[in-house]
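What follows is the residue order along each chain.
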Amino acid sequence: GGEGAEGFLAMEGALTARDRVGIQDFVLLDETTDAAFLSNLTKRFSKDLIYTYIGTLLVSVNPYKELDIYNNKQMDLYMGVNFFELPPHIYALADNAYHTMLTEFNNHFILISGESGAGKTEASKKILQYYAVSCPSTTLLNTVRDKMLMSNPVLEAFGNAKTLKNDNSSRFGKYMDIQFDSQGDAVGGHILNYLLEKSRVVHQNHGERNFHIFYQLVEGGEEGLLHQLGLERDCQHYDYLTQGECAIVSSINDRNDWKTVKNALQIINIDEININHLFGTVASVLHLGNVRFDSDSKGRAQLNENNAELRWLLGVDAHSLQEGLTYRKIEAKKDQVLSPFTIDHAIYVRDALAKAIYGQTFTWLVNRINESMENKDLSRKNVIGLLDIYGFEVFYVNSFEQFCINYCNEKLQQLFIQLTLKAEQEEYEAEDIEWEPVQFFNNKIICDLVEEKHRGIISILDEECLRPGDATDLTFLERLEERMSNHPHFVTHKLADKMTRKTLERGDFRLLHYAGEVTYCVVGFLDKNNDLLYKNIKDLICQSKNAIISESFSTMDSDSMRRPETVATQFKSSLLKLTDILMAKDAWYIRCLKPNESKQPGHFDEALVRHQVKYLGLMEHLRVRRAGFAYRRKYEVFLKRYKPLCPATWPHWRGLPADGVEVLVQHLGYLPDEYKMGRTKIFIRHPRTLYATEDAFEKCKHDLATRLQAKYKGYKFLFISATKIETCWRGVQARKERDRRAWAVKVIKKFIKGYMTRGQAKNTDNSEYLAFVRQNYLNRLKGNLPKTVLDKTTWQTPPAVLAETSEILRKLHYRLMVRKYVRGITPQKKAQFQMKLLTSSIFKGKKESYPQSVQIHSHQCTVFFLLVQYGVPVIKYDRNGFKPRPRQLVLTQRAAHVIEEANIKQTVPYTSLKGISVSNLTDGIVVFHIACEVPKQKGALIMQCDTLFEFLTKLSIIANKQNAIQVVHGSIQFEIQAGKESAVDFSSGQEPTVYKAKNGHLMVVRRVPL
Ligand SMILES: Nc1ncnc2c1ncn2[C@@H]1O[C@H](COP(=O)(O)OP(=O)(O)OP(=O)(O)O)[C@@H](O)[C@H]1O
Ligand SMILES: [Mg+2]
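- In the annotation of an unreviewed UniProt entry, the chain is listed under the name Myosin IH and assigned to Gasterosteus aculeatus aculeatus.
- In its Sequence similarities (unreviewed entry) section, the UniProt record describing the chain reads: "Belongs to the TRAFAC class myosin-kinesin ATPase superfamily. Myosin family."
- Regarding the chain, the relevant UniProt record gives this comment under Subcellular location (unreviewed entry): "Cytoplasm, Cell cortex".

Dropping the structure here:
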């Protein structure tokens, strides 16, 4: 029914080039006039449609109210979707820049411009948030991301202030690189800052405030901290906070902001000590502002208080402070002359110091933020740079700051034109379409007027600043008049014609910027450009106990011989550097417009907007974009949309998309001059051609729907869903990818948490990690088990949690291997091993020859008789003459027998064997000590046996005599017969011999290798 049709149209409406509210892309305007432009903008603004494209440029109008278009659902919607498939949005631009970067693997920047309060900073934050949410990111990177997000509140606290135009006005220019790795993860960031408006520290216009941080500290600072810094909780107490007479503003909650800033400082890794120093510098500026002077009888300035807090915070003594603030030290040859200040001069010096301290602190802070966001990994990154820089400014009175800011905008405009033309030209080239030159206003002449070496305004200003003698702002103006008199973009009171002269003061000069005329008042130019601190006060401040201050000032151009670069020159070179940075990247633009001066939602001041449209160069851009062909689309996209208009392409075109498009536009009657076929895109010269096509499409769609509806109820919905699915497909893909990554992030997060808590008992954080570790370890173990029992080194080192398990497993495994091994050995071998074991228990570590014996002895195999348990050849030594006799010693169940050729010569029953002695050395001597009361026995039995260990082991098994065996160090004493003793002595020599020594002992000489 009706509702379905409505939904159908609404849904399609979002896809059409012509939105139902005005048009979504200015490129498709019928005429490129200011009026048409503004009318479209107004129309859309009235329906809260604040975004409109000019091609890929995004125009944004500050709604001055919260719109529900920045939620996660919206972010999802724009992810991975073609630029022109959805209504214009800042997310679409952010997403397209991101995807282009990923697919083309190149660098990009997004230039956000617009006047104060137009929404630049908000736009840059929305982009950052979009990347934070939509880019894949791992836990480790989350910290980088947090730091990037958190750098904002810190920099805003120190660099933003309430002005008449904006309650949160950025008083510095900012360029921030977001670095992405090849996966598209945001892995690091870097900030460049430009020209902080330091004069605000000491002076604020009525209705304006100093930088937020001062109020945050005073209003939100903890009691203890304030006490420590010697501050009172009252902004009215501080001269630097009260000039604008609006310390408290309803739109600003300093106390909450204080908490945010403190938290952010921690996230960006600024430690406790530095945080204290940081607030110390902020407090010292406040104290400095309250320093007063009296004059003595000669009109010389003197400190009228002792300024204890200030001295304490700066860490300088009273005398030095007094001298630094009230005298200038002039070094003339070898002498030093102290030149006293008047009160005014002293105040000037005091303010200069306050500005310098604050400015240096700001730089210090940016450096710290950069350190914390730095990505130290050297692999290739691509970046998206965000440039949030002051827009063109025109006040009632314009000073040095406006001169710098407007020069900056002039440069950016130049870059913008160059890049836009370049991009256009490149696209034509890439598509093989002839380039048709575009007329545009080249603002190089104005840039040169300002920046040209030796001839530009900045050079002349520097010359005046450096010139000895009494150069003043007015002499600077005279120089300008001399040198610029014929320049078409420069005019002063003196140079002007009668009419113009009426609009100029004598101290003014006027520049004709690309965006319009601006009249600058020269007062203060020299001074602000010099930005000088006298050397003696700089030296003083270098002594500061506050590390931030002393560090910053001692690294400041300390070479006293050379003058530091002037402010304008520094600014100029930083802008040139910025231009280089930007030129190397692909450009995306956001142009912010401010609908009214009163920060009101829903109010569109056409005159105000027209002015901005002009100086933002929007019409210029539009003209360039439309100069050749207003509209261009990929063949696939064009065909997909318009194929129902031609029977040959509907419902399917089987050939190449380009051919399909050719057939289609022929069918539609496009004239040859109206379009061109590029390599991948169709180019349509006039929007009206496209409109005709679009109208035909609307009609056709409607007819189709009606026809289908008549035929099949519900088919229409199929049609709708089919279209919807096609459109959303890429979005779905992108979301899927993100979800997949989100899932991965979750797993990795869990993994890391598990890793960190792996040492703890099993809990919810680490259980999955531990399971993973377990499985991983077991798998590893499985593939790397020791293969033999002897292998004691192959065993995977377990993770701490598995140490116990691993030990159990190791034991089990060895037992298993042992069991297998044992089962595989023969009974003989087994007996042998058992013997070995016994031998070792008797001799290991006691007898010298044991280790060799272990090695040689396993191959021996002994024959067993039924009765005879064991037999071994021995040499028996007679007791008296120690004559050697070869014998067999045979062990039976009860006794040892000495046998000579089958005759038993002697039997020693085990019961009478009271001891067995061997030496600790390498010899085969064994002495049986036999109880002499037994009549038949004749004293000790002395033998030598080559397989001593085996023999004794057998003996100890059979006779159960292991305890009887003694390993003797030195001589072995024995009884030859009752009461008569003798001994075996041991010595060493080259040849082993055994003989009866003179002392009647048996001497055994072992061979000891030399
Ligand atoms: N998209 C938006 N939605 C809602 N409010 C907005 C939006 N953009 C800007 N604003 C409002 O406008 C105010 C000023 O915006 P913002 O601070 O971004 O301006 P700016 O262009 O950075 O100005 P300046 O040059 O002074 O720094 C914001 O504080 C906010 O209240
Ligand atoms: Mg801003």
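Some details on the overall build of the chain
Here's step 1: Each helix and strand in the chain was counted, giving 35 helices and 31 strands.
Here's step 2: For the chain, the C-alpha radius of gyration of 49 Å lies well beyond 30 Å, the compact-globule estimate for 1010 residues.
Here's step 3: With respect to the principal axes defined by its C-alpha atoms, the chain has extents near 155 × 105 × 50 Å.
Here's step 4: Out of the 1010 residues belonging to the chain, those deemed buried represent 52%.
Here's step 5: Long-range pairs, those at least 24 residues apart, make up 64% of the contacts in the chain between residues at least 6 apart in sequence.
Here's step 6: Carbon and sulfur atoms provide 53% of the accessible area of the chain, an area that totals close to 49500 Å².
Here's step 7: For the chain, the separation between the mean place of its 133 positive charges and that of its 118 negative charges on side chains is 13 Å.

What to know about the coordination of the magnesium ion (ligand 2)
Here's step 1: Every protein donor of the magnesium ion (ligand 2) is accounted for by Thr121 (OG1) and Ser170 (OG), and the metal-donor separations fall at 1.9 to 2.1 Å. Placement of threonine 121 in helix H5 (residues 120-134) and of serine 170 in strand S5 (residues 169-170) is noted, with a sequence separation of 49 residues between them. Each member of the pair, threonine 121 together with serine 170, is buried.

Structural notes on the sheet that holds strand S31 (residues 1002-1007)
Here's step 1: Read from one edge of the open sheet, four strands run S28-S29-S31-S30, paired in mixed fashion. Among the strands making up the open sheet, the edge pair consists of strand S28 (972-977) and strand S30 (993-996). Shown here is a sheet whose adjacent strand axes are inclined to one another by a mean of 25°, direction ignored.
Here's step 2: Across five bridges, the pairing between S28 and strand S29 (residues 980-989) is antiparallel. The residue bridging glutamine 977 from the neighbouring strand is lysine 980, located in S29.

Focus on unusual backbone geometry
Here's step 1: In this model, tryptophan 650 is joined to proline 651 through a cis peptide bond whose omega is -5°.
Here's step 2: With respect to the helices, strands and loops of the structure, proline 651 is situated in the loop between helix H27 (635-642) and helix H28 (657-668).
Here's step 3: With a phi angle near 55°, glutamate 245 is a residue other than glycine that sits in the positive phi range.
Here's step 4: The exposed category is assigned to glutamate 245, whose relative accessible area is 61%.
Here's step 5: Positive phi outside glycine occurs at histidine 454, with the angle close to 65°.
Here's step 6: Secondary-structure assignment places histidine 454 in the loop between helix H17 (444-451) and helix H18 (457-466).

Quick notes on the sheet that holds strand S3 (residues 108-114)
Here's step 1: In space, the seven strands of this open sheet follow the order S1-S2-S16-S3-S12-S6-S7, with mixed pairing throughout. Edge positions in the sheet fall to strand S1 (51-54) and strand S7 (186-194), since each of these pairs with one other strand and no more. Ignoring which end each strand starts from, the neighbouring axes of this sheet average 20° apart.
Here's step 2: Pairing geometry for S3 and strand S16 (residues 586-593), over seven bridges, is parallel. Each residue of the ladder has a partner; that of serine 113, found in S16, is arginine 591.
Here's step 3: Its contacts with the sheet place helix H15 (residues 343-373) against strand S6 (173-180) and S7, and it is angled at close to 165° to S7.
Here's step 4: Those strands touched by helix H24 (residues 567-583) are S3, S6, S7 and strand S12 (382-388), and its axis lies near 150° from that of S7.

Here's the deal with a positive patch on the surface
Here's step 1: Taken together, the side chains of Lys498, Arg501, Lys502 and Arg506 present a region of like positive charge at the surface.
Here's step 2: On the basis of relative accessible area, arginine 506 is assigned to the exposed category, the value being 66%.

Concerning the site of ligand 1
Here's step 1: Within the structure, ligand 1 sits among 18 residues, and Ser116, Lys120, Thr121, Ser169 and Ser170 are positioned closest to it.
Here's step 2: Between ligand 1 and asparagine 62 there is a distance of 2.8 Å, counted from an oxygen atom to a side-chain nitrogen or oxygen.
Here's step 3: The separation between an oxygen atom of ligand 1 and a polar side-chain atom of threonine 121 is 2.7 Å.
Here's step 4: Residue assignment for the shell around ligand 1 shows that the elements contributing at least two residues are H5 and S5.
Here's step 5: A class-by-class count of the residues in the shell around ligand 1 yields four nonpolar, nine polar and five charged.

Remarks on the packing of helix H12 (residues 272-289) against H15
Here's step 1: Where H12 meets H15, the axes come as close as 9 Å, and the angle between the chain directions of the two elements is 160°. Taken together, the axes of H12 and H15 are roughly antiparallel relative to one another. Judged by the twist between their axes, the crossing of H12 over H15 is left-handed. The segment H12 lies against H15, with Asn274, Leu278, Thr281, Ser284, Val285, Leu288 and Gly289 engaging Arg350, Leu353, Ala354, Ile357, Tyr358, Thr361, Trp364 and Leu365.
Here's step 2: Counted by class, the contact of H12 with H15 contains nine nonpolar, five polar and one charged residues.

Things to note about the confidence of the model for the chain
Here's step 1: Taken over all residues, the pLDDT of the chain has a mean of 85, while the share at 70 or more is 91%.
Here's step 2: The spread of mean pLDDT over the elements of the chain runs between helix H1 (residues 2-15), the lowest at 35, and helix H8 (residues 212-220), the highest at 97.
Here's step 3: Note that residues 1-19 has pLDDT below 50 and, in this model, 41 contacts with residues that lie over four places away or in other chains.
Here's step 4: Note that pLDDT drops below 50 for residues 855-866; the model gives that stretch 14 contacts with residues more than four away or on any other chain.

Some thoughts on the environment of serine 284
Here's step 1: As for its position among the elements, serine 284 is in helix H12.
Here's step 2: For the pair formed by serine 284 and cysteine 592, sequence separation is 308 residues and the distance between their alpha carbons is 37 Å.
Here's step 3: Excluding residues within four positions of it along the chain, serine 284 makes contact with Leu310, Leu313, Leu314, Ile357 and Ile549.

Observations regarding a negative patch on the surface
Here's step 1: A cluster of like negative charges, contributed by Glu104, Glu426, Glu429 and Asp586, occupies part of the molecular surface.
Here's step 2: Among the structural elements, aspartate 586 can be located in strand S16.
Here's step 3: Exposure remark for aspartate 586: the relative accessible area of 34% places this residue in the partly exposed category.

The rules behind each value
Residues numbered from 1 in each chain as written. Chains lettered and ligands numbered in written order. Predicted model: local features only at pLDDT ≥ 70, side-chain atom pairs only at ≥ 80, totals over all residues. Heavy atoms only, no water. UniProt positions renumbered as here; feature names shortened; annotations may be inferred. Helix = DSSP H or I, 4+ residues; strand = E, 2+ residues; numbered from the N terminus. Rg over C-alpha atoms; globule rule 2.2 N^0.38 Å. Buried < 20%, exposed > 50% of the residue type's maximum accessible area, 1.4 Å probe, protein only. Contact = heavy atoms within 4.5 Å. Areas by Shrake-Rupley, 256 points an atom, 1.4 Å probe, with all protein chains shown as cover. Lys, Arg positive; Asp, Glu negative; His and termini not counted. Charge placed at Lys NZ, Arg CZ, Asp CG, Glu CD. Donors = N, O, S within 2.8 Å, 3.2 Å for Na, K, Ca; no water. Pairing = 2+ DSSP bridges. Axes fitted to C-alpha atoms, helices over the stretch in contact; angles between N-to-C directions. Patch = residues over 30% accessible without salt bridge, like charges linked within 9 Å, V, L, I, M, F, W, Y side chains within 5 Å. Salt bridge = Lys/Arg side-chain N within 4 Å of Asp/Glu carboxyl O. Near = heavy atom within 4 Å. Polar contact = N/O pair within 3.5 Å; in protein donor to acceptor, adjacent residues only side chain to side chain. Nonpolar A, V, L, I, M, F, W, Y, C, P; charged D, E, K, R; others polar. Parallel < 35°, antiparallel > 145°, perpendicular 65-115°, else oblique. Left-handed = near helix turned anticlockwise from the far one by under 90°. pLDDT = per-residue confidence, 0-100.

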